[in-house]
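Coordinate analysis (summary)
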Amino acid sequence: MRSKMIKRFAAAGLAVVLAAGLLAGCGKKKAETNANGEEIVELTWWQIGDAQKDQDKVLEKVNEYIGDKIGVKLKISTAGWGDYDQKMQVVINTGDDWDMCFTCSWANNYLQNANKGAFLQIDDYIKDTEMYKNIDERFWEAAKVQGKTYGVPSEKEIGSMPMWVFTKEYVDKYDIPVDEIHSLEDLEPWLKLIKEKEPDVVPMYLTSSYSAPIYMDLIQNPVGIEYGDETLTVKNVFETEKMKSTLKTMRKYYQAGYINKDAATASDDKSIKRFVTKGDGQPYAELVWGKDLGYEVVATPIMDTYVTNISARGALTAINAQTEHPEKAVEFLNLINTDEYLRNLLNYGIEGEHWDKVDVPEDEAAEAEGKPYVYDNKIKLNEETRKNYSVSYWVQGGLFNTYVLENEPVDKWAAFKEFNTSSVEAPSFGFDFDLEPVSTEVAGFGNVMDEFGKSLYTGSVDPEEYLPKLQEKLEATGIDKVIEEMQKQIDEWKAEK
């Protein structure tokens, strides 16, 4: 009897196993293949910025193209500007399934994620690719962490170029020589003039994101090395004579009524009339700013353009160290950085719906003939449908094979290349600071800067009173220890160069 029961249970168990196997077989999804019979791999790409209404429509076109070309299907996930850092910390730390992500010096911190092993080391994957040969070698140098590469840089402007941005209406009206205005002090007579002649205009419009001109590479804010200092002496920016003078001038301007009273807390209100503000520029930036503001602006550089790790790491795409498809991810990134059709489809959307080509004027084409990065295509955006697809172009890849807009010069990217070539490397370019020995001290800097930075930079408080308070808190946080450790590391780095 017992023997029959055992056999019965064994038979029943086998039936369950067989049934489960049959069900699993029935439910298994057949691999998708392209026209060449190649299996199509899906890659998930995290990007910073708001989700676009027409994203799926554009991706359908993208996937038709890249599926046949390289056997890849793309899925884009997004997180908003204010949420991206926190979202990516969760995505990375919890082991979510993803393949590529946007990273840089200021969001989803490239250096920290590379150091902790979140990003794939890609040197062996990229060495024979077209993008590796084409992209300025200084971008690749900046992408190295401890001698290894962990991200593909988006080739764009390489240097930091802070600029004063003037409303052209008032420049023309009062014949203001903006080309002669560079330093903060150069602004004074013109701020005074606008205050007297244009009572409805804010002479110097600032918001909480404003940072006073800083003439140094802030390797770990507020600690760094002054531009041009070949001795590589590490300093607290607030102890430099230049910053002390700058904060005094800002206070003077604030008290004179040149700066809006809510500058330390304000968000940009484009309806407010302003004479001058500050922007982070690049060639032809005034065309972008003017389009965004709805009126013409002109701009002038505040200081020489320097290349730092922070500026050269302005935008990269990294690959998940745990991805199952590293070769395909690199193959896709190579394609987006070298294939004009794909780059512009992802950047601008669908031709005939989101944008249309326009003719390039003959004189402009002739003037640009023979220059690098010149394309014979200009486009006009469809403003209505463009609302449904408007991505940040530098998030997805290099700029130099994107079409130029109708109001931009056809040799725009040639100007960018010239700008990059002429940008000077800061003495500290290539140095990465290992935070580990002073991580506790550095963690406290943010709170101190949040408490004092915005109000001091905008002139909202008296530096004679508040700068000593800031210094006292920085000292309590351990800034001297950070300076000592950074100096030790940079001396070692200099000796090895």
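Residues numbered from 1 in each chain as written. Predicted model: local features only at pLDDT ≥ 70, side-chain atom pairs only at ≥ 80, totals over all residues. Heavy atoms only, no water.

**Points about the overall build of the chain**
- Along the backbone of the chain there are 20 helices and 19 strands.
- With respect to the principal axes defined by its C-alpha atoms, the chain has extents near 105 × 65 × 45 Å.
- Excluding contacts between residues fewer than 6 apart, the proportion of contacts in the chain whose partners are at least 24 apart in sequence is 78%.
- About 24,600 Å² of surface is accessible on the chain, with carbon and sulfur atoms providing 48% of the total.
- Charge separation in the chain, taken as the distance between the mean sites of 56 positive and 88 negative side-chain charges, equals 7 Å. (Helix = DSSP H or I, 4+ residues; strand = E, 2+ residues; numbered from the N terminus. Contact = heavy atoms within 4.5 Å. Areas by Shrake-Rupley, 256 points an atom, 1.4 Å probe, with all protein chains shown as cover. Lys, Arg positive; Asp, Glu negative; His and termini not counted. Charge placed at Lys NZ, Arg CZ, Asp CG, Glu CD.)

**Comments concerning the nonpolar core**
- Judged by nonpolar contacts, the single largest core of 63 residues is most densely connected at W164, F166, L187, M204, F238, F275 and Y457.
- Looking at this core element by element, the count peaks at seven residues for helix α18 (residues 439–457).
- If we skip the residues at most four places from it in the chain, L187 touches W164, F166, I181, M204, Y253 and V276.
- Within the second largest apolar cluster, 38 residues are counted, among which are V41, V58, V307 and F332. (Core = buried A, V, L, I, M, F, W, Y, C linked by side-chain atoms within 4.5 Å. Buried < 20%, exposed > 50% of the residue type's maximum accessible area, 1.4 Å probe, protein only.)

**Re the environment of L287**
- Residue placement: L287 occurs in helix α11 (residues 285–293).
- For L287, a relative accessible area of 26% translates into the label partly exposed.
- Excluding its chain neighbours within four sequence positions, the residues that come into contact with L287 are N407, E408 and P409.

**Examining the sheet that holds strand β18 (residues 404–405)**
- Taken in spatial order, the three strands line up as β16-β17-β18 in an open sheet, and their pairing is mixed. Edge strands, defined here as strands with exactly one partner in the open sheet, are β16 (355–358) and β18.
- Where β16 meets strand β17 (residues 378–381), four bridges bridge the pair, whose relative direction is antiparallel. Across the sheet, V358 pairs through a bridge with K378, a residue of β17. (Pairing = 2+ DSSP bridges.)

**Considering the packing of α18 against helix α20 (residues 479–496)**
- It is at 9 Å that the axes of α18 and α20 come closest, and there the two elements cross at 125 degrees. One element, α18, and the other, α20, form an angle in the oblique class. The chirality of how α18 crosses α20 is left-handed. Taking contact as the criterion, the partners of E441, V442 and F445 in α18 are, on α20, I479, K481 and V482. (Axes fitted to C-alpha atoms, helices over the stretch in contact; angles between N-to-C directions. Parallel < 35°, antiparallel > 145°, perpendicular 65-115°, else oblique. Left-handed = near helix turned anticlockwise from the far one by under 90°.)

**Points about the side chain of T323**
- Structurally, the position occupied by T323 is in the loop between β15 (316–319) and α13 (326–336).
- You can call T323 buried: its relative accessible area is 12%.
- Here the side chain of T323 touches H325 through a polar contact of 3.1 Å, landing on its backbone nitrogen. (Polar contact = N/O pair within 3.5 Å; in protein donor to acceptor, adjacent residues only side chain to side chain.)

**Looking at the packing of aromatic side chains**
- A full pass over the atoms with the stated rule returns 19 aromatic pairs.
- Judged by centre distance (5.5 Å) and plane angle (80 degrees), the ring pair of W45 and F332 falls under edge-to-face. Separated by 287 residues along the polypeptide, W45 in strand β1 (residues 41–48) and F332 in helix α13 bring together distant segments of the chain.
- Across from the ring centre of Y215, 4.7 Å away, lies the NZ or CZ of K242, which sits over that ring.
- Sitting above the plane of the Y466 ring, K469 keeps its charged end 4.6 Å from the centroid. (Phe/Tyr/Trp six-rings, centres within 6.5 Å; stacked < 30°, edge-to-face > 60°. Lys NZ or Arg CZ within 6 Å of the ring centre and 35° of its normal.)

**Let's talk about the pattern of salt bridges**
- Taken as a whole and judged by the stated rule, the model has 25 salt bridges.
- Here K192 and E196 are joined by a salt bridge, their closest N and O atoms 2.8 Å apart. One end of the pair, K192, and the other, E196, are both in helix α9 (residues 188–197), four residues apart, so they sit about a helical turn from each other.
- Taking the relative accessible area as the measure of exposure, E196 reaches 53% and is therefore exposed.
- The partner of E241 in a salt bridge is K244, and the shortest N-O contact between them spans 3.8 Å. With E241 and K244 both in helix α10 (residues 241–255) and three residues apart, this pair spans about one turn of that helix.
- Taking relative accessible area as the criterion, K244 reaches 33% and is therefore assigned partly exposed.
- A single salt-bridge network, built from bridges that share partners, covers D268, K270, R274 and D292. (Salt bridge = Lys/Arg side-chain N within 4 Å of Asp/Glu carboxyl O.)

**Let's talk about the confidence of the model for the chain**
- Per-residue pLDDT for the chain averages 91, and the proportion of residues at 70 or more is 94%.
- Scored below 50 in pLDDT, residues 1–28 makes zero contacts in the model with residues more than four places away or belonging to other chains. (pLDDT = per-residue confidence, 0-100.)

**Considering the sheet that holds strand β2 (residues 72–79)**
- A sheet is described by the order of its strands in space; here five strands give the open sequence β2-β1-β3-β15-β6, paired in mixed fashion. With one partner strand each, in any of the chains shown, β2 and β6 (152–153) form the two edges of the open sheet.
- Judged from the two bridges that link them, β1 and strand β3 (residues 100–103) form a sheet pairing that is parallel. By the bridge assignment, W45 is partnered in β3 with M100.
- Helix-sheet contacts for helix α3 (residues 84–93) involve β1, β2 and β3, and the interaxial angle to β1 is about 145 degrees.

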